Amino acid sequence: MKKIQSVCNYCAIDCNLDFYVEDNRVVKTVPTKGYPVNDGFCCIKGLSLDKQQKTVKPKSLPKIRQEDGSFREVSWDEGFRHVADKLKELQEKYGTESVAGISTGQLTMEEFALFGHVMRDHLKANVDGNTRLCMATAVVAHKQSYGFDAPGYTLKDLELSDTIIFIGANPVVAHPILWGRVRQNQIPGRKVIVLDPRESETAMNADYWYGLRWRSDLLLLYTVANLLIEKDYLDHTFIEEHTEHFEEFREFVRSYTLERGVEGTGLSKEQILELTELIHNGKRVSFWWTMGVNQGYEAVRTAQAVINLALMTGNIGKPGTGANSITGQCNAMGSRSYSNTAVFYGGGDFTNPARRERIAEVLGVKTSQLAEKPTKTYNQIIEGINAGEIKGLWILCTNPRHSWTNNETFASAAKKLELFVVQDIYDSIESAEDCTVFFPVVPGLKKEGTYINLERRLSGMRPVLERGENEISDYEAILGVGRALGMGEELKGWETPKDCFNLMRECSRNMPCDITGVTWEALENSHGIQWPYPEGREEELSAEERRLYEDGQFFTPSKKAQFVFEEVRENPLPQTEEFPYILNTGRGSVGQWHTQSRTKEVKFVEDVSVKRAYLYMNTELANDKGIKELNKIRVYSVNGQDAVFEVKLTDHVQYEELYAPIHYIECNKLTPSVYDTYSKEPSYKATPVRFEKCQEDSYVSY
Ligand SMILES: Nc1nc2c(c(=O)[nH]1)N[C@H]1C(S)=C(S)[C@@H](COP(=O)(O)OP(=O)(O)OC[C@H]3O[C@@H](n4cnc5c(=O)[nH]c(N)nc54)[C@H](O)[C@@H]3O)O[C@H]1N2
Ligand SMILES: Nc1nc2c(c(=O)[nH]1)N[C@H]1C(S)=C(S)[C@@H](COP(=O)(O)OP(=O)(O)OC[C@H]3O[C@@H](n4cnc5c(=O)[nH]c(N)nc54)[C@H](O)[C@@H]3O)O[C@H]1N2
Ligand code: SF4
Ligand SMILES: [Mo]
């Protein structure tokens, strides 16, 4: 029996696991003891990683759609040639930007770096990632406030904080190992506080729950900031030495009075004052935010309002503090720093000549061979396809037919494409229904590469199982197309994931995410390594848990953090008489992952999962409308679509709120095409809707 340590490629915790293998089968999975992140624990998804392979057909070959609609299986070489020829043909016929790609936060760092090199550098096509649906807001907020996309915390901070404030985050369901770290916190009297319109599973386990109105976080955070200022609950030294624009901020929040806060958030005066006191009384206050903040129409400013609270109270860069964005997907952090979507490899600007030269030098190409401008964003790509401007799309490791907001717009786009390549471990996903080419690739257990978790920790994915005939990885599939495109010399140094890792390492030199001290070998059977880890400073940086900003130095030109703020906006999609209820969406259970392609294969998850789309409704509302548990309702959205859901009754959502788990395709049929102004992240969490009870033949309208 062999033991192989590798990483779980579901959520951003990146638990490490020891896989025991016999006859090329996993016989036992044990969470790695001593690994600083998950030390001997993990969740049901990590434990069942080997269960996701029943329907991944070994020996699969690519498939190309024929004129009669059927598929023909072809060799990999033919598949690569077909895709490369078609990409070139479309570009010749319709222009360079007529082809696009959608990448992901779930592949290895090397895979999406290579995808960027082929698509962005060589083809000059647009490539965005599904991270746009997830972390784009935090990225923009960090860059503007800190000068670089650098979340500063380490998971240990959860054990060292006496006041832990979760804002729009539900780690009990979404990040169970992170919640485990909260439970390990032994500080007497430590308080857990949750801001969420819904009494989420985390709220139920917290000491304080503030059930504010949806989309009123920014107003609440400015009101609290104003109170902190009025009461002089500030860290003047920190503000003076390490921040800029505080005086303007002080003036700005003056109009965010307690009365205004009460009126707009639905919280009482006492609750807002209590929250302010809790922040003041904490010695080590930490703020943690996730999708309840990131997925809104004024999300970047909301994230920055969280950052402002930490800055003004000096709760940053010290043990147990921070304005901490929790990442979602296993390698969203890798995609953010090392892909080629919004930023250059290792960070920096497409337009900065010095940075262009440096990257070109590392990659051994001319600067003209690098992407020239930031990519079109996800929504622009889908709109471009629907407008007939984009004719070719290559997606990998993401299932947008299900997960994209207002997802019927993706369905119509898919039908318009002349080339639609879907690269996934399953050909059964919804997005593959209209594809013209399907590339079947192996899952994480058969791959190698690097992952970066939410606290900037790199860990090594190493092959647990051997591959069979024709089985190839994402890396090889992308490389195959690159070669078929005739990239030749441009692919020198990209031959294997390890080669690519070395290129990325070099690209990071002297950047905030410098990993020049990390080697491919050092990540094997390791405890992971947090960035920054520059060459020559290995000894000094040997601590297993490290945070940024301990010296009060940020990455802006002045080295000071910025107070960034803007007036609260009018809700672009308010409740109306026609659409009086609000559809909130998010994770449903620990066992279910997004579009369920992987987790529905896990028997002990599937056995306890609801099979049809469902939503939670407040018991009182249900009583008022004559609706009982498991009745079906048809929900009509302000986006013009409707869908049927089963009702589950609960007291944990507000009277006017419905909560639908995202694991069913019906959920995003109803979400709108509304985005944050700066990050272009969809506003997934508050859609005005109305509903009717479904009866045998007739509907009763509410
Ligand atoms: N089991 C499981 N775990 C996962 C995932 C999964 O699919 N399944 N996905 C992973 C990924 S990629 C991500 S990004 C994370 C997401 O992790 P989370 O963001 O923690 O999960 P969500 O359920 O999307 O949303 C969190 C909370 O935001 C609340 N919310 C909605 N509107 C508002 C609002 O206006 N204000 C506030 N303050 N809160 C609001 C919702 O009620 C919800 O409880 O989970 C990761 N972990
Ligand atoms: N309404 C609403 N919608 C949301 C959200 C929300 O909170 N509310 N959350 C959004 C967020 S935060 C996210 S991150 C997105 C997630 O949305 P998606 O990325 O679309 O969801 P997944 O189901 O994770 O899709 C991953 C795909 O990759 C495949 N896969 C797994 N491993 C591999 C591999 O090694 N190689 C390849 N090529 N494929 C592989 C899986 O089979 C699956 O089809 O959903 C977003 N959608
Ligand atoms: S899904 Fe997240 S918490 Fe669960 S085992 Fe994987 S990395 Fe750990
Ligand atoms: Mo996500």
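Residues numbered from 1 in each chain as written. Chains lettered and ligands numbered in written order. Predicted model: local features only at pLDDT ≥ 70, side-chain atom pairs only at ≥ 80, totals over all residues. Heavy atoms only, no water.

## Observations concerning the pattern of salt bridges
Applying the stated criterion across every chain yields a total of 38 salt bridges. When the shortest N-O distance is used, the salt bridge between Arg181 and Glu545 registers 3.0 Å. In this pair, Arg181 is assigned in helix H7 (residues 176–183) and Glu545 in the loop between strand E19 (529–530) and strand E20 (561–562), connecting sequence segments 364 residues apart. Since its relative accessible area comes to 22%, Glu545 is described here as partly exposed. Linking Arg462 and Glu524 is a salt bridge whose minimum nitrogen-to-oxygen distance equals 2.8 Å. Of this pair, Arg462 sits in the loop between strand E18 (457–461) and helix H21 (474–484) while Glu524 sits in the loop between helix H22 (497–507) and E19; the two residues are 62 residues apart in sequence, bridging distant segments of the chain. Taking relative accessible area as the criterion, Glu524 reaches 39% and is therefore assigned partly exposed. (Salt bridge = Lys/Arg side-chain N within 4 Å of Asp/Glu carboxyl O. Helix = DSSP H or I, 4+ residues; strand = E, 2+ residues; numbered from the N terminus. Buried < 20%, exposed > 50% of the residue type's maximum accessible area, 1.4 Å probe, protein only.)

## Here's the deal with the domain arrangement of the chain
Buried accessible area, meaning the area lost when the parts come together, often serves as the stated size of an interface. Once the domains are mapped, the chain shows domain 1 (2–54), domain 2 (63–132 + 330–530), domain 3 (136–325) and domain 4 (581–701). The C-alpha-based centres of domain 1 and domain 2 are spaced at 25 Å. The partner domain 2 presents 27 residues to the 26 residues of domain 1 that form the contact. With both sides pooled, the region where domain 1 packs onto domain 2 buries about 2,100 Å², and carbon together with sulfur makes up 54% of that total. The interface formed by domain 1 and domain 2 includes 0 salt bridges. (Domains from an automatic or database assignment. Contact = heavy atoms within 4.5 Å. Buried area = accessible area lost by both parts, 1.4 Å probe.)

## Describing the sheet that holds strand E6 (residues 99–103)
With mixed pairing, the 7 strands of this open sheet are ordered in space as E5-E4-E16-E15-E14-E6-E7. The sheet is open, and its two edges are formed by strand E5 (71–73) and strand E7 (126–129), each paired on a single side. When the angles between neighbouring strand axes are averaged without regard to direction, this sheet yields 15 degrees. With 4 bridges joining them, strand E15 (residues 419–424) and strand E16 (residues 437–440) adopt parallel strand pairing. (Pairing = 2+ DSSP bridges. Axes fitted to C-alpha atoms, helices over the stretch in contact; angles between N-to-C directions.)

## Details of the site of ligand 3
Near ligand 3 the following residues occur: Cys8, Tyr10, Cys11, Ile13, Asp14, Cys15, Cys42, Cys43, Lys45, Gly46 and Ile177. The residue makeup of the shell around ligand 3, split by class, is 8 nonpolar, 1 polar and 2 charged. (Near = heavy atom within 4 Å. Nonpolar A, V, L, I, M, F, W, Y, C, P; charged D, E, K, R; others polar.)

## Looking at the pairing of E6
With respect to burial, E6 is a largely interior element, 5 of its 5 residues being buried. Burial along E6 is two-sided: Val99, Gly101 and Ser103 facing one way and Ala100 and Ile102 facing the other are all buried. Two elements, E6 and strand E14 (residues 392–396), share 4 bridges in a ladder whose sense is parallel. Among the inter-strand pairings, Ile102 is bridged to a residue of E14, identified as Ile395.

## Quick notes on the state of the cysteines
For the structure shown, the criterion picks out 0 disulfides. As a non-bridged cysteine, Cys500 has Cys507 as the owner of its nearest cysteine sulfur, 8.8 Å distant. A residue is classified by how much of its surface remains accessible, and Cys500, at 0% relative accessible area, is buried. (Disulfide = S-S within 2.5 Å.)

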